[in-house]
Amino acid sequence: MKKNKTKALAKSRSRELVIDPAIPVNEYYIDISNKFKTVKYAVLIFLVAFVLIMISVFRADITLENCKYLLRFFTSGTSVYQSSYEPIYYDTAGVIDIELFNSNLVTIKNDGIDFYDMKGNNTESYDINYVDPTVVTRGKHMLVYDLGGNSFELFNNFSRLDGETYDYPISCAAVSNEGMYAVVTKSLDYQSKVYLYDHNYNLITKISKDKYVTDIKISAKGDKVLFTCFYAKDGKPVSEIVSYVPYTKKESGNYTIDNSFAVKCGFHSNGGYSVLTDSALIFFDSKDKKISEYELGNIVPNDCLILDDYVILSYNKNIVGSLSEIMVFSSSGKQLHTIPVEDNILDMACFDTDLYLLLDSAITHVDLKNGKYKSSKIDSGANGIYICDKDALVIGYSNMAREYPTEELFAKKEKEKKN
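Presented here is a report on the structure given in the accompanying data block. Computed from a predicted structure; not experimentally measured.

**Digging into the pattern of salt bridges**
In total, this model carries ten salt bridges according to the counting rule given. Note that Lys 217 is salt-bridged to Asp 215, the shortest N-O span being 2.9 Å. Its relative accessible area of 11% is what places Asp 215 among the buried residues. Three or more residues joined by partner-sharing salt bridges are found here, namely Lys 209, Lys 211, Glu 240 and Glu 251.

Structure representation (structure tokens):
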């Protein structure tokens, strides 16, 4: 009996497993093994095919910048903004402007651009040589151009994406959430020339106008370009508002205003847009039809924010500027609120329906939905206000930027008023 058991066991010779033929093979497990082998090869073939298809379809998105973004995403551990609410100090030598861009503090100088994270660490630096550097930000792109100079640079918060030097000076520029951007310069034959680029930095078209372009904007989806321009007719200014469909090379709208100077324009989330002139605030729908107009009269605006669903107009109530007022309009032109401010408004910023006004030594929060407002004291000497998210503000000073949590800044103890 013991001898029969020994024969039934597998024998090892020279590290090779020898199966006794007396033991029957289990066909069930052999069949499962063959199926797993088939699935393994099928998955491998599918993976190779998937990679090849994705590379062929999305090859335009496989860039060095996107690889850097992917690497930083994994190494950072989180993509959510986290604030320490500590002052951010930066090199103040030669700083002309600061900007908050994708949770990065950007300082602009004549000879360089520096990126700082919210802990004050200098993460990126780029050399430029601009006389009057001007910044335009939208979504994940920031465009810096030399106002009156010939060059521009396009950035995301990881690297420089594009740039060019023209033969003639730049007057204005725009960038969209989608990545399309435009630069306005001139030529030998035309007073203004608009260079329009897609999100792959390819030149789509050139728009030539024998008029001076004062402002330009691109819709969030990049499906429409809007610009304002003016010219002289019989010694009087005439403004022209032009909307343009990029890939069709056609104007979708053209509106002319006599005895007027168009200053600023901007899109709304519903596809319409608004234009500020020296005499009126004009509202258009998504089909380029004028739907409303507010005559300014004696009002001389200090600033105008054209937002997704609102238009905010700020102006001084008296000559010395110690009393101010803001007017809130809907995107259809309806006047919603008029709010008095007992100080000079230095800057404005908005997030969703929360409007923040920077005063000399205070911040006023306005709820655009109901017109309620409240104020909170801050250190004097501020020169700019920026929004990180709904929970945090950044106030710019001459040598630092200080973060404030909005929940603590506008505590319940502050007296709430309503217009």
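**Section: the state of the cysteines**
One pass over the structure, following the stated rule, counts zero disulfides. Between Cys 172, a cysteine without a disulfide, and Cys 265, which holds the nearest cysteine sulfur, the sulfur-to-sulfur distance is 8.5 Å.

**Let's talk about the sheet that holds strand β16 (residues 212-218)**
Here four strands make up an open sheet; going across it, the order is β16-β17-β18-β19 and the pairing antiparallel. Here the strands that pair on one side only, and so sit at the sheet edges, are β16 and β19 (250-258). The average undirected angle you get between the axes of adjacent strands in this sheet is 20°. As defined by bridge partners, β16 adjoins strand β17 (residues 225-233) across six bridges and the pair is classed as antiparallel. Bridged to Tyr 212 within β17 is Phe 230.

**Observations concerning the sheet that holds strand β5 (residues 104-109)**
Working definition: the strands of a sheet are paired by backbone hydrogen bonds and lie parallel or antiparallel to each other. Here four strands make up an open sheet; going across it, the order is β4-β5-β6-β7 and the pairing antiparallel. Because the sheet does not close on itself, it has two edges, and the strands there are β4 (95-101) and β7 (122-127). The mean angle between the axes of side-by-side strands here comes to 15°, regardless of whether they run parallel or antiparallel. Both β4 and β5 contribute to a ladder of six bridges, which runs antiparallel.

**A short note on the packing of aromatic side chains**
Scanning the model with the defined rule gives 19 aromatic pairs in all. Plain terms: the ring middles of Phe 115 and Tyr 126 are 6.0 Å apart, the flat faces sit at 80° to each other, and that makes the pair edge-to-face. Of this pair, Phe 115 sits in strand β6 (residues 112-116) while Tyr 126 sits in strand β7, placing them eleven residues apart in sequence. Grouping residues by exposure puts Phe 115 and Tyr 126 together as buried. When the ring of Tyr 181 is compared with that of Tyr 197, the centres are 4.8 Å apart and the planes differ by 10°; the resulting orientation is stacked. Placement of the pair is Tyr 181 in strand β13 (residues 181-185) and Tyr 197 in strand β14 (residues 192-197), with a sequence separation of 16 residues. Accessibility assignment for this pair places Tyr 181 and Tyr 197 in one class, buried. Joined through ring pairs, the aromatic side chains of Phe 152, Tyr 166, Tyr 181, Tyr 195 and Tyr 197 make up one cluster. A cation sits over an aromatic face here: Lys 211 above Tyr 231, 5.1 Å from the ring centre.

About the cut-offs
- Residues numbered from 1 in each chain as written.
- Predicted model: local features only at pLDDT ≥ 70, side-chain atom pairs only at ≥ 80, totals over all residues.
- Heavy atoms only, no water.
- Salt bridge = Lys/Arg side-chain N within 4 Å of Asp/Glu carboxyl O.
- Buried < 20%, exposed > 50% of the residue type's maximum accessible area, 1.4 Å probe, protein only.
- Disulfide = S-S within 2.5 Å.
- Pairing = 2+ DSSP bridges.
- Helix = DSSP H or I, 4+ residues; strand = E, 2+ residues; numbered from the N terminus.
- Axes fitted to C-alpha atoms, helices over the stretch in contact; angles between N-to-C directions.
- Phe/Tyr/Trp six-rings, centres within 6.5 Å; stacked < 30°, edge-to-face > 60°.
- Lys NZ or Arg CZ within 6 Å of the ring centre and 35° of its normal.

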